[in-house]
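# Close look at the chain arrangement
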Amino acid sequence: MDSAPTPPPAMFASIPHAKVPENFWRFTAIITIQIVILTFGYGFLGAVAYFEYLAPSDSVCDLMMNYPGEVTMIVTLIATALSVIAATLFTLSVKEALRCRMWKPISLIHLSTGVALAQGSHILKHQFMGLTILTLFIFAMLRLLTAGWTTLLTPSYFMWPVQLNGSELDITGSAFATLLRGEFLANGLEDSSFEILDIGAMLSGVVAAGYTFGLPGTFNFNGAKYNMSTKGVVPTIESFSGSDGVPNANGTRLGFSGGNVTVNTGVVPGSRASAHIPQGFSTNYSMSQQGLTADVSCRAIDSSQTQYFWDTNSYVIYANAAASNNSITGLRLWNISANCGNNTLTSYEYVTMVDANGNTSSSGSGFLPSVVCLGPMSENKTYVNFTIFTQGFFKYGFLEASVCDVVPLLTRVSVDYSNEQISSVVTSSTPFGPENFELLSFIAAVARFQSINSQGLTSSTVGDTLYSIYSSTTIGYVSNTLNDTQVYSELEDYWRGVVEFSATFLRSGFMATGSFPDNIIPNNLSSPVTGTMFISTIGWTHWANKSPIYLLAALPFTIVSILTFACASYCLVEAWKAHQDRQREHQAHAKHQEYAGHHGRVHHRSHFDVSNTLHLIMACAAGDLTLEDFSEDGIMTNELAMVSLDESEPGVQPIIKKFVSVRAMESPGSPVASCGDITKRSNPHDV
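Everything quoted here is computed from the prediction, not taken from an experiment.

### Considerations on the layout of surface pockets
The space that makes up the largest pocket amounts to roughly 520 Å³. Lining the largest pocket are 19 residues, with Leu 108, Leu 111, Ser 112, Cys 620 and Leu 627 positioned closest to its centre. At the level of elements, helix H5 (108-118), helix H14 (613-622) and helix H15 (632-640) are the ones that each hand at least two residues to the lining of the largest pocket. At 5 residues, the largest contribution of residues to the lining of the largest pocket is made by H5. Across the lining of the largest pocket, the residue classes break down as 12 nonpolar, 3 polar and 4 charged.

Printed below as a string of structure tokens:
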């Protein structure tokens, strides 16, 4: 065949030279798109790590909660789309890299490995464990792409913590003692508010005593609902503060009878202020507040304990024999005395109903008198506790003469606000000091008022509480053979509930709207409040909380991206090398280059798809490869055979690509081809 005529030199001078290599923009697009996907993945993880918690708007959260199936479908579609794009870019980059690599000698086993990866598959060759493990690993990463993206993008329900702080009334210091002393001087220790205290303290005591034995333990005061007992706290969360009524001019402090309690709690500004805090589906709180409780220890008075003088034998009976059956036929006036220390007797007077003969019904009536004494004194000659003497008669005869030591404690309390209920747990406690005498006097006065007013003509609230709680939790009937330990446990819980409620009442009165100017508690009367608001919502949480899962989820698209970058970068490097070689050859040998059709157009290699089985068959059929048979040794020999892809000269028809043995290519002066090379390697007719 005659060789093509050589074009005139002027034609070579007009040949345009491309500024970038062939397929440069394709490789660049692959890398760019893969960078965008990788940036999206790690940008999302970075945003969650930076803000710690991410949630969409409240309206979107409501939709996600109401349509969970649709949310799952959308997330799965997004994850699938990202996975398909990433896998496609990977296979394209592998095909291009393998196409460039095949112009150089390559073993058939490496060629088949590359073809398997270009098809998104793997090989299983125990003779080549390294290649097998590599392809299996990459195959697994490709298959896990969707699972990884789904794990990262699927929203979940979680509790969003928001730090809170604020202040409340401090009843522990000398400043409050001075304020309380002034209230005592102005209004007296026991004013009309003690009627409210009487009812509330009684209910608090009943709930506290019954809860220990499995009875319902919910106590309501001023619109707030407490679990078991108040623990001496006042609500510091607006939505749990109860009544929103405004107290009248005399309805604050010791005159408190209900109304709005000032709340001074807010969100702590943080470094993540730009993150949107949702309203959420529900909200609960965990706060650290100031509280008050008491250690109460009750026991029987032994006859040998002469320091406890307890006299219940002084009484006077007034009988009315002419009274009708529906009227009071007689009264007994009791004068109950106890030794409150230093041989000082304290006496309380009680009245009970008797029949015309001066007798009391032992089955239907009950009498449970009590006497409250401050003391004994501490080593500092101050009162830090008080004592309650008590004894049951008639119906309450199961409670013998007893003494209860009540030691109030200033506490720090962990308060949980959830399910419209306030629950408290004491975290630390401190005994009263000399500066707390006024507070102690108030609590003792509440106990005294409760003990006197709980006794009616025929029954006692305290006695009925003990009687009903025990009878409701015990099989049988109540008698004098009751378990003393259980009875005293109930009595201790009752008085502890009374003490804790008195502190809650006191705080509520002094924190009521109008108690202080502008409803601002002075700094010397403030106690810090700290805590956390937990918002139930749906979204994404800090990845460090479950880092193993997130790291495993990010591994597939990270590995695939790295491999894609490597293959595409290899193609770019090879293309630039070939491009530079062509530029030098055009400059040095312009007069000796051949052009198809003599139109001055540069020809590039025709497309060859290594993942296309037809292309592989055509390349094998066009070549003169001589391979071994299908025996085990023959296959092993074939796998190690070195081949390269040879192509007919650009511009020559027909276009032929063929696999040739490396030995057939190893002739003196034969150049080694590069990706996209258009240089002449052999006679264009030797195809």
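### Describing the state of the cysteines
For the coordinates displayed, the defined rule picks out 2 disulfides. Each sulfur of the disulfide joining Cys 298 and Cys 404 lies 2.0 Å from the other. Classification of the bridge connecting Cys 298 and Cys 404 rests on its S-S torsion, roughly 110°, and on that basis the disulfide is right-handed. Taken together, the residues span a long stretch of sequence, with Cys 298 in strand E7 (residues 282-300) and Cys 404 in strand E16 (residues 402-418) at a distance of 106 residues. A single burial state applies to Cys 298 and to Cys 404, both of which are buried. Across the disulfide from Cys 340 sits Cys 373; the S-S distance is 1.7 Å.

### Here we look at a negative patch on the surface
Together, Glu 628, Asp 629, Glu 632 and Asp 633 give the surface a local cluster of negative charge. The topology assignment puts Glu 628 in the loop between H14 and H15. A relative accessible area of 47% means that Glu 628 is categorised as partly exposed.

### Focus: the pattern of salt bridges
Here the structure, examined in full by the defined rule, presents 8 salt bridges. Ionic pairing is found between Glu 574 and Lys 104, a salt bridge with its closest N-O pair at 3.4 Å. In this pair, Glu 574 sits in helix H13 (residues 547-588) while Lys 104 sits in the loop between helix H4 (68-101) and strand E2 (106-107), placing the two residues 470 residues apart along the sequence. Assessed through its relative accessible area of 4%, Glu 574 is described here as buried. Under the relative-accessibility criterion, Lys 104 is labelled partly exposed at 25%. Of the charged contacts in the structure, one is a salt bridge between Glu 438 and Arg 181, with a shortest N-O distance of 2.9 Å. Note that Glu 438 is positioned in helix H10 (residues 437-453) and Arg 181 in helix H8 (residues 174-187), a separation of 257 residues in sequence. Judged by relative accessible area, Glu 438 falls into the buried class, the value being 11%.

### Let's talk about the nonpolar core
One finds Leu 169, Phe 176, Leu 292, Phe 386 and Leu 491 to be the most contacted residues of the largest nonpolar core, which totals 145 residues. No other element matches the 13 residues that helix H12 (residues 484-511) contributes to this core. Ignoring anything within four residues of it in the chain, the contact list for Leu 169 reads Phe 176, Gln 290, Leu 506, Arg 507, Phe 510, Met 511, Phe 516, Ile 521, Leu 525 and Ser 527. Counting residues in hydrophobic clusters, the runner-up holds 5 residues, among them Ile 109, Ala 116, Ile 123 and Leu 131.

Rules behind the numbers
- Residues numbered from 1 in each chain as written.
- Predicted model: local features only at pLDDT ≥ 70, side-chain atom pairs only at ≥ 80, totals over all residues.
- Heavy atoms only, no water.
- 1 Å grid on protein atoms, 1.4 Å probe; cavity = no way out; pocket = protein on both sides within 12 Å on 5 of 7 lines; lining within 4 Å.
- Points joined across faces, edges and corners; volume = space filled by probe spheres on them.
- Helix = DSSP H or I, 4+ residues; strand = E, 2+ residues; numbered from the N terminus.
- Nonpolar A, V, L, I, M, F, W, Y, C, P; charged D, E, K, R; others polar.
- Disulfide = S-S within 2.5 Å.
- Buried < 20%, exposed > 50% of the residue type's maximum accessible area, 1.4 Å probe, protein only.
- Patch = residues over 30% accessible without salt bridge, like charges linked within 9 Å, V, L, I, M, F, W, Y side chains within 5 Å.
- Areas by Shrake-Rupley, 256 points an atom, 1.4 Å probe, with all protein chains shown as cover.
- Salt bridge = Lys/Arg side-chain N within 4 Å of Asp/Glu carboxyl O.
- Lys, Arg positive; Asp, Glu negative; His and termini not counted.
- Charge placed at Lys NZ, Arg CZ, Asp CG, Glu CD.
- Core = buried A, V, L, I, M, F, W, Y, C linked by side-chain atoms within 4.5 Å.
- Contact = heavy atoms within 4.5 Å.

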